[in-house]
Structures are given as structure tokens and as C-alpha cells.
Amino acid sequence: MIKQEIDYLRKRGIMHGVVTESFIRAVITVGVPLVIGAFLRLRIYASKEEQIFTSKPTNTLRNSILMMFLVLFFLIYALFATNMKINSVSKVYLFFWNLFFNWFTFGFVLAVSIMLILVRTVLKKNTRKFLFKSDKKRRVILGVLLISPIVLIFVYSFYIGFLINELVAESKMIVALKVSNTLAGIIHFNKIEDPINYFIVFLACMYVLIILMIFGFLNFVTKEKITAQIVLKGGTVLNNKYILNYNLDNSILISDWESRLGGDKMLIPKSNIEYIKFERILYILDQQSPGSGIVDPRYFDKSEEAKLKEKFLSGISKFL
């Protein structure tokens, strides 16, 4: 029975190997850009200002779809870049395999990964204090904290691509198909025997988890929050307010604090609003960046007060 199935798969692979490979290349080189354009056309991405006036479930769904698309995009191109021929390995492939699979690269990836975990957890306060000591240090450290996760995404993507393609090449059922390369063999994933197929699924799940964690770290390093300047029809101006609810009994709920749990809140009927102007505030390591928007009272200390006094006195002296 197994022999008959292998013979059948072999004949099927000979007939459709070239067609399958051409189809895969067409999907990757043409289909992916078309999908990106369609996503943008369907407004999968929305600015932070737009998200304020969109329901939370819609924002959650939109962000989830965007994240899944990005992870899938990285995974597909990783598999494409590390694609290998069945029963034949080129010198270029061996060069890149040896480049990634050696103790130096392993040590580098492990060290950078541990560093990012420590910065995100136990070293968060110390890193933040060191970061805000001077502008020069801030630029250097911020550059390292932003480039390192991007490098990890690149390296982990190649790792997962190499491992999955190697596992596909080791599958006896895929070899029996006589497809030209492992990328074509992935199309016949349901034919891959146990436990190789389970291990491929496990690696893919681990890759998705790692990439999502890296995205979370990038969002921790730098992100923007939105405050609003609300001008009422009577001429009253409300500055630096957070919009907590854009549609509560035909009114908007605002506060001086981003959290819904603390701070005084105000409910303003939409009919009384002339217009709303937004301002973006940059946060680095969950702390407001100096010179970005209003001063967040959570991080206003004596040093911040001294800086403002110095700036004020400097302005007065120049005026005089």
C-alpha cells in the first residue's frame, strides 16, 4: 500500500514539479505585493488619531490582522530565501548555512536576546536613567535598542527558514515526489510523515512567538501617545487632554490622564465642539522623551524642574 502511494506520488511529482515551482514563485513575487496593496486599500492600517475614534474591538482586530500579516510575510520570504534543491546542495547555500550555524553566531544571538530581555525587565529603570543623562548617549543607546531587534528578526527568520527547508528535504515522502526543491515540497505538507510534520509546526509556532515578542520590545523602546486640544464653540480651549471614549451618550469623555482608572474626567457633548487638534508625544522606554509635547506629571521631578527654570532664565537673559 505504501509502495503504491509512493509510486503514485512520484508520477504526480514528475508531472507537476515544474508547474508547482512556478506557481510558488508567482505567488511570492507577485501575490505578496498585491496582498499588501489590498490591505492598505482596505484600511488595515490606521493612524493613532483614527484609532481614538474607532471601537476597541475594531482596533484589536485591525492590529491582530496586521501583526499576523507581517509575521506571515517574514516567514514566507525566509522560506523563499533559504529554499534548497532536493538531494543537491549548492556552495552558496552551504556558505550561508555555515554563516548562521556556528558558535559565534549562536553566541551573538543568545547574548543580544538576553540583553533585550534584561532591558525589558530587571534593567528597565537603570537603562532609562542612563538613557536620559545626555542627548548623545540617548541617540547611541536608542539606536542600539532599535537596531538589535531588527537584526534578531533577520537572523531568526533565516534560522527558521533553514530548519524547515532541511526538514522538508529529509522527508521520504517529499523525496518520493521528485519535486525540484523544498519550497515546492512545502505545498505537499500533508504528505510529510510523522514526526517531521509536527516538528515543523512546532518550529513555526515558536518563530511566531519570538517575532511577536520582538515587536513588543520595539513598541516598548519607542512609541507615541496622542493628546488632544479641544476647542469649544464658546471659545474655551481644553489643552493636552486624553480622549477616553469618543462616543458616550453622544459626547466624548476626556481626562488629564491616559488611564481610565485615575484622574478627573469630563464629558463634553459633541455638539459643543468646534474642532479637535492632536499632538503626538514620544515615549522612550515607557517614559516621555524630553522636549516631546507636555511634561508628563508622572516623570516630573526636581531635575526636570531645574531644566525648565534654566531654560526660562536663559530666554529672559536673551530678551534683555
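Overview of the structure. (Residues numbered from 1 in each chain as written. Predicted model: local features only at pLDDT ≥ 70, side-chain atom pairs only at ≥ 80, totals over all residues. Heavy atoms only, no water.)

It is worth spelling out the overall build of the protein chain at this point. Across its full length, the protein chain holds eleven helices and six strands. Here the protein chain, with 320 residues, has 35% of them falling under the buried criterion. By sequence separation, contacts in the protein chain at least 24 residues apart represent 63% of the contacts at least 6 residues apart. (Helix = DSSP H or I, 4+ residues; strand = E, 2+ residues; numbered from the N terminus. Buried < 20%, exposed > 50% of the residue type's maximum accessible area, 1.4 Å probe, protein only. Contact = heavy atoms within 4.5 Å.)

Attention shifts here to the packing of aromatic side chains. For the coordinates displayed, the defined rule picks out 23 aromatic pairs. Aromatic pair F101 and F106: ring centres 6.1 Å apart, planes at 85°, arrangement edge-to-face. Members of the aromatic cluster, joined through ring pairs, are Y93, W97, F100, F101, W103, F106, F154, F158, Y159 and F162. The residue whose ring lies beneath K225 is Y283, and the NZ or CZ to ring-centre distance is 4.3 Å. (Phe/Tyr/Trp six-rings, centres within 6.5 Å; stacked < 30°, edge-to-face > 60°. Lys NZ or Arg CZ within 6 Å of the ring centre and 35° of its normal.)

All chains considered together, the criterion is met by five salt bridges. For K223, the salt bridge identified is with D286, shortest N-O distance 2.9 Å. Linking K223 in strand β1 (residues 222–232) with D286 in the loop between β5 (273–284) and β6 (287–288), this pair joins segments that are 63 residues apart in sequence. Salt-bridge contacts for R280 lead to E224; the nearest nitrogen and oxygen are separated by 2.6 Å. Here R280, found in strand β5, pairs with E224, found in strand β1; they are 56 residues apart in sequence, far enough to count as distant. In this structure R280 comes out as partly exposed when scored by relative accessible area, which is 34%. Three or more residues joined by partner-sharing salt bridges are found here, namely E49, E224 and R280. (Salt bridge = Lys/Arg side-chain N within 4 Å of Asp/Glu carboxyl O.)

What follows concerns the packing of helix α7 (residues 135–170) against helix α10 (residues 196–221). In a pair of packed helices, the angle between the axes and the distance between the axes together describe the arrangement. Packing of α7 against α10 brings their axes to within 10 Å, and their N-to-C directions diverge by 170°. Classified by the angle between their axes, α7 and α10 sit roughly antiparallel to one another. Across the contact of α7 with α10, the residue classes break down as 25 nonpolar, one polar and one charged. (Axes fitted to C-alpha atoms, helices over the stretch in contact; angles between N-to-C directions. Parallel < 35°, antiparallel > 145°, perpendicular 65-115°, else oblique. Nonpolar A, V, L, I, M, F, W, Y, C, P; charged D, E, K, R; others polar.)

Let's shift gears to the sheet that holds strand β3 (residues 251–255). Strands sit in the order β4-β3-β2-β1-β5-β6 across an open sheet of six strands; the sheet is antiparallel. Two strands lie at the open edges of the sheet, namely β4 (265–269) and β6, each paired on one side alone. (Pairing = 2+ DSSP bridges.)

With that settled, the discussion passes to the side chain of T82. Tracing the backbone shows T82 in the loop between α3 (56–81) and α4 (91–100). Only 2.8 Å separates the side chain of T82 from the side chain of N165, close enough to count as a polar contact. The residues touching T82, leaving out its near neighbours within four places in the chain, are Y93, F158, G161, F162 and N165. (Polar contact = N/O pair within 3.5 Å; in protein donor to acceptor, adjacent residues only side chain to side chain.)

Let us now look at the environment of I192. If you trace the backbone, I192 turns up in the loop between α9 (182–186) and α10. Remark: the alpha-carbon pair of I192 and K172, spanning 20 residues in sequence, is separated by 7.8 Å. Setting aside residues up to four positions removed in sequence, I192 forms contacts with V168, S171, I174, N197 and I200.

Before going further, it helps to examine the packing of α3 against α10. It is the contact of α3 with α10, at a shortest axis distance of 10 Å, that shows an interaxial angle of 120°. In terms of orientation, α3 and α10 fall into the oblique class. Judged by the sense of rotation from one axis to the other, the crossing of α3 with α10 is right-handed. The segment α3 lies against α10, with M67, L70, V71, F74 and L75 engaging Y207, V208, I211, L212 and F215. A per-class count over the contact of α3 with α10 returns ten nonpolar, no polar and no charged. (Left-handed = near helix turned anticlockwise from the far one by under 90°.)

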